[in-house]
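These are the residues of each chain, in order.
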Amino acid sequence: MKRKVLKVIDGETVFPPPIWMMRQAGRHLPEYRATRKNAGGFLDLCYSPDFAVEVTLQPIRRYGFDAAILFSDILVVPHVLGRDLRFEEGRGPLMTPITTQEINDLEINGAALKLEAVYETVRRLRKELPEETTLLGFCGAPWTVATYMIAGHGTPDQAPARLFAYQHPEAFEKLLMDLAEVSAEYLIRQYEAGADALQIFDSWSGVLDEDCFERFCIKPVRYIVDKVRAVHPEARIIGFPKGAGTLYTDYREKTGVNMLGLDWSVPYSFAKTLQKQGAVQGNLDPLRLVAGGKALDEGVDRILDNLGQGPLVFNLGHGITPQAPIDHVHQMINRIRSRG
Ligand code: CP3
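Residues numbered from 1 in each chain as written. Predicted model: local features only at pLDDT ≥ 70, side-chain atom pairs only at ≥ 80, totals over all residues. Heavy atoms only, no water.

## A look at the overall build of the chain
And then number 1: Counting its regular elements, the chain contains 16 helices and nine strands.
And then number 2: Taking 20 Å as the expected radius of gyration for a compact globule of 340 residues, we find that the chain reaches 19 Å, a close match to that expectation.
And then number 3: The principal-axis extent of the C-alpha atoms belonging to the chain is close to 55 × 45 × 40 Å.
And then number 4: Burial statistics for the chain: of 340 residues in total, 57% are counted as buried.
And then number 5: Considering only contacts within the chain whose residues lie at least 6 apart along the sequence, 73% involve residues at least 24 apart.
And then number 6: When the accessible area of the chain is evaluated, it comes to approximately 13,500 Å², of which 49% is carbon and sulfur surface.
And then number 7: Across the chain, the mean location of the 39 positive side-chain charges is 5 Å away from that of the 43 negative side-chain charges. (Helix = DSSP H or I, 4+ residues; strand = E, 2+ residues; numbered from the N terminus. Rg over C-alpha atoms; globule rule 2.2 N^0.38 Å. Buried < 20%, exposed > 50% of the residue type's maximum accessible area, 1.4 Å probe, protein only. Contact = heavy atoms within 4.5 Å. Areas by Shrake-Rupley, 256 points an atom, 1.4 Å probe, with all protein chains shown as cover. Lys, Arg positive; Asp, Glu negative; His and termini not counted. Charge placed at Lys NZ, Arg CZ, Asp CG, Glu CD.)

## Digging into the nonpolar core
And then number 1: By size, the foremost hydrophobic cluster in this structure holds 125 residues, and its most contacted members are Phe-65, Phe-172, Ile-200, Leu-289, Phe-314 and Met-332.
And then number 2: Top contributing element to this core by residue count: helix H10 (residues 169-193), with 13 residues.
And then number 3: The contacts of Met-332, once residues within four sequence positions are left out, are Ile-19, Met-21, Leu-284, Leu-289, Leu-296, Val-300, Phe-314 and Leu-316. (Core = buried A, V, L, I, M, F, W, Y, C linked by side-chain atoms within 4.5 Å.)

## Side note on the state of the cysteines
And then number 1: Evaluation of the coordinates by the stated rule reveals zero disulfides.
And then number 2: Not part of a disulfide, Cys-46 finds its nearest cysteine sulfur in Cys-139, a span of 15 Å.
And then number 3: Its sulfur unpaired, Cys-217 is 9.1 Å from the next cysteine sulfur, which belongs to Cys-212. (Disulfide = S-S within 2.5 Å.)

Okay, structure coming up:
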């Protein structure tokens with residue numbers, strides 16, 4: 001049996017399209033909030049296979065999505081590289097900003113092995129998930145992960161990382177390639193543990209000029225894709241270069257990812273062009289899910305009307321927000337599935 005999301009990644013049209021949501025396991029679910037309380041900290045959730053399996057399965061049980069995404073975070077990679085990482089309620093991730101000297105001293109050998117708890121989570125998930133549910137592994141793209149390592153926290157336009165890259169080009173390039181190396185190994189191990197496909201989150205690619213986009217986004221992601229495919233030529237990889245605009249075309253061609261995750265600012269006409277070159281995933285504005293009602297129905301219909309005749313995985317254009325009501329998620333799913 002070939003799982004629906006994998007059919008779409010391979011270029012088949014499946015209608016109604018398979019559905020999942022970025023950040024589907026998380027704070028919009030009361031059962032997630034309860035498990036998180038029991039686990040202690042957020043990282044305890046990520047590093048405990050018992051808890052991580054449970055929260056990965058929660059949205060599948062509740063909504064019957066076509067794909068589950070491994071519960072972890074993109075910042076576990078810098079964490080196993082020895083960077084401190086804290087998650088404070090309401091403040092997002094906090095790290096100590098990395099210096100050029102610390103970049104030169106980074107030791108990448110064996111780092112991916114320290115994420116054994118994540119691979120164990122993947123192995124257990126593949127056994128516990130329904131047969132027809134696709135299991136997605138993931139990592140952050142080197143640029144996006146680097147932005148948090150340099151600033152030490154989230155920022156609106158990643159000015160600290162952009163400036164650092166101009167001022168310390170050599171150290172910055174080393175950082176990106178070190179992250180690419182560890183991330184590739186991390187994805188290979190997730191794949192070998194049973195992930196059906198792998199998504200690379202390039203959430204901050206939209207703040208770069210064309211030259212930097214090429215060097216900081218495309219180049220290290222190309223390296224990861226090549227390295228994974230050198231071991232597993234058939235591996236299916238989804239790229240999500242949020243905010244890439246017209247550079248989405250280059251991103252697929254030059255990195256070799258199989259499917260493109262589209263953010264909600266991508267116009268339908270351009271999305272259709274991208275879809276002629278391969279599968280697309282997206283791209284509902286997460287705030288339509290918060291609003292519900294007509295705004296939600298119209299958003300869903302437009303995506304189905306414009307992209308439903310080609311290879312599409314229905315998703316949001318970015319992660320679900322904690323305030324999105326559960327009823328609205330049901331409304332979205334019912335609307336999509338009733339179009340069959
Ligand atoms: O359901 C899933 O999507 C799987 C798990 C997942 C998480 N983070 C759990 C999480 C995934 C795939 C991620 C990816 C991630 N993490 C990205 C890329 C995707 C994106 O949203 O752009 C980024 C940039 C991060 C870094 C990160 N982790 C931030 C900025 C934050 C704080 C913002 C927030 O939503 O709270 C986190 C914390 C985080 N990661 C939470 C969850 C469920 C919330 C933590 C909590 O429970 O308090």
